[in-house]
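Inside the fold
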Amino acid sequence: MDSLAAAPGTGPATSPLPVLRARKSLATFAALPTDRAVVMGILNCTPDSFSDGGDYDSTETAIAHGLRMFYGGADIIDVGGESTRPGAVEVSAAQEQERILHVIGTLAKAGALVSVDTRHASTAALALDAGAGMINDISGTNVHEDMIALIAERQVPYVLMHSRGDSRHMDSLTQYTDVVQDVVAELGEIRERFYAAGVKAENLILDPGIGFSKNAEQNWELLANLDRVTALGNKVLVGTSRKRFLGSLLTSAGKAAAPKERDDATSATTALAGTQGIWGVRVHDVGASLDAAKVAARLLQGKKRREERLAAAGAAQ
């Protein structure tokens, strides 16, 4: 890509941080691909992430990895400064901001479309000022009125994810009559709060919250019925990447697969979700899921072409 110098460890750059050339144009939400699922690369700027063990908890390593994902074809880089794994300790908005704002600004300057993964309206506002183009919020039923007001004011894309409770308590909040019906209903209820505040429908992206206040079987039920979520009429983002239910599925000799051993299974869920018409996926391994998204798109294209051909033949008779 001619708008960037090489990221550290991937080319001739020898400084701790890459040297960035001027970008040619701003990355925008409107310019995202529409012929396949969008691929959002996960960038955890935390020392306690479940998925990578804090590999990118310094500004330098975070920026370098963000650029690698950008080079590798990620449509969006989702930057977070607070671990949301079950049992994780909450961090202050100030600490979260210290971890991510420079990273966001640098990646945006490099030409990436950046999302900020945060529950805090104050962090979201500063991230937008630093160059982020969208907000990804796991708060779910606990979403704060300040966040709703911010999205209404800025009218930026916002991921509304289904969850109950916080990271310390969500595993105890998995009681559903029908997980698919209940998640759809609860997402619809929260969505109405955003609409009532003046948020435009096109700016709301729904996420069923795989792994958040759901057990393994409930995750699989949701994945098998994503069409029920897309039927709400908003774009839908799905995040399965390296999560526990995949590790349990891949258990060998009584031991669940480690997080970094779950990428192949993650890309399989990307393909399956893509065939259900979802808008995007949030993943760690960008390359594998980008390939899977393309496969899913071609499968849907093949189905559509056959239906059109049969319809044309029937009309001609």
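Please refer to the structure placed before this passage.
Let us look at the structure shown here. (Residues numbered from 1 in each chain as written. Predicted model: local features only at pLDDT ≥ 70, side-chain atom pairs only at ≥ 80, totals over all residues. Heavy atoms only, no water.)

**Considerations on the packing of helix 2 (residues 93–109) against helix 3 (residues 121–130)**
As a packed pair, helix 2 and helix 3 sit with axes 9 Å apart at the nearest point and diverge in direction by 20°. The pairing of helix 2 with helix 3 is recorded here as roughly parallel in orientation. Helix 3 is crossed by helix 2, and the crossing has right-handed handedness. Note on element contacts: helix 3 touches helix 2 through Ser122, Thr123, Leu126, Ala127 and Ala130, opposite Ala93, Glu96, Gln97, Ile100, Leu101, Ile104, Gly105 and Ala108. Here the contact of helix 2 with helix 3 is composed, by residue class, of eight nonpolar, four polar and one charged. (Axes fitted to C-alpha atoms, helices over the stretch in contact; angles between N-to-C directions. Helix = DSSP H or I, 4+ residues; strand = E, 2+ residues; numbered from the N terminus. Parallel < 35°, antiparallel > 145°, perpendicular 65-115°, else oblique. Left-handed = near helix turned anticlockwise from the far one by under 90°. Contact = heavy atoms within 4.5 Å. Nonpolar A, V, L, I, M, F, W, Y, C, P; charged D, E, K, R; others polar.)

**Thoughts on unusual backbone geometry**
Its identity as a non-glycine residue notwithstanding, Arg242 has a phi of 60°, on the positive side. With a relative accessible area of 10%, Arg242 lands in the buried category. One non-glycine residue, Ala253, lies in the positive phi region at around 55°. By the element assignment, Ala253 lies in the loop between helix 8 (244–249) and helix 9 (263–274). (Buried < 20%, exposed > 50% of the residue type's maximum accessible area, 1.4 Å probe, protein only.)

**Focus: the nonpolar core**
Of all hydrophobic cores here, the largest spans 66 residues; its most connected members are Leu43, Val79, Leu107, Ile135, Met147, Tyr158 and Phe194. The element that contributes the greatest number of residues to this core is helix 5 (residues 179–197), accounting for seven residues. Look past the residues within four positions of Tyr158 in its chain and what remains in contact with it is Ile135, Asp137, Val143, Met147, Ile151, Phe194, Asn203, Leu204 and Ile205. Grouped together as the second largest cluster of nonpolar side chains are ten residues, Leu113, Val159, Ile205 and Leu237 included. (Core = buried A, V, L, I, M, F, W, Y, C linked by side-chain atoms within 4.5 Å.)

**Describing the packing of helix 3 against helix 4 (residues 145–154)**
At a minimum axis distance of 9 Å, the contact between helix 3 and helix 4 shows a crossing angle of 25°. The angle between the axes of helix 3 and helix 4 places the two elements in the roughly parallel class. Residue-level contacts link Ala121, Ala124, Ala125, Leu128 and Asp129 of helix 3 to Asp146, Met147, Leu150 and Arg154 of helix 4. Looking at the contact of helix 3 with helix 4 residue by residue, the class counts come to six nonpolar, no polar and three charged.

**Comments concerning the pairing of strand 1 (residues 38–44)**
A regular strand places its side chains on the two faces of the sheet in alternate fashion. Along strand 1, seven of the seven residues are buried, which leaves the element largely enclosed by surrounding structure. Residues of strand 1 alternate between two faces, with Val38, Met40, Ile42 and Asn44 on one and Val39, Gly41 and Leu43 on the opposite face, all of them buried. Bridge count between strand 1 and strand 8 (residues 280–283): four bridges; the pairing is parallel. Across the sheet, the residue bridging to Val39 is Val281, located in strand 8. Two strands pair when backbone bridges link them, and strand 1 and strand 2 (residues 76–80) are joined in this way by five bridges, in the parallel orientation. Note that in strand 2 the partner of Leu43 across the bridge is Val79. (Pairing = 2+ DSSP bridges.)

**Considerations on the pairing of strand 6 (residues 204–207)**
Residues of strand 6 alternate between two faces, with Leu204 and Leu206 on one and Ile205 and Asp207 on the opposite face, all of them buried. Summarising the sheet, strand 5 (residues 158–161) and strand 6 pair through four bridges and their orientation is parallel. Directly across from Tyr158, in strand 6, lies its bridge partner Leu204. In this fold, the crossover linking strand 5 to strand 6 by way of helix 5 has right-handed handedness. (Right-handed = clockwise from strand over helix to strand, strands pointing away.)

**Quick word on the packing of aromatic side chains**
Evaluation of the coordinates by the stated rule reveals three aromatic pairs. With 4.9 Å between their ring centres and 70° between their planes, Trp220 and Phe245 make a pair best called edge-to-face. Placement of Trp220 in helix 6 (residues 216–224) and of Phe245 in helix 8 is noted, with a sequence separation of 25 residues between them. On the basis of relative accessibility, which here comes to 29%, the residue Trp220 falls in the partly exposed class. On the accessibility criterion, Phe245 (4% relative accessible area) is buried. (Phe/Tyr/Trp six-rings, centres within 6.5 Å; stacked < 30°, edge-to-face > 60°.)

**Quick look at empty space enclosed by the protein**
Inspection of the entire model under this criterion finds one cavity of 30 Å³ or more. Roughly 40 Å³ of volume is contained in the largest cavity. Residue classes in the lining of the largest cavity are distributed as one nonpolar, two polar and four charged. (1 Å grid on protein atoms, 1.4 Å probe; cavity = no way out; pocket = protein on both sides within 12 Å on 5 of 7 lines; lining within 4 Å. Points joined across faces, edges and corners; volume = space filled by probe spheres on them.)

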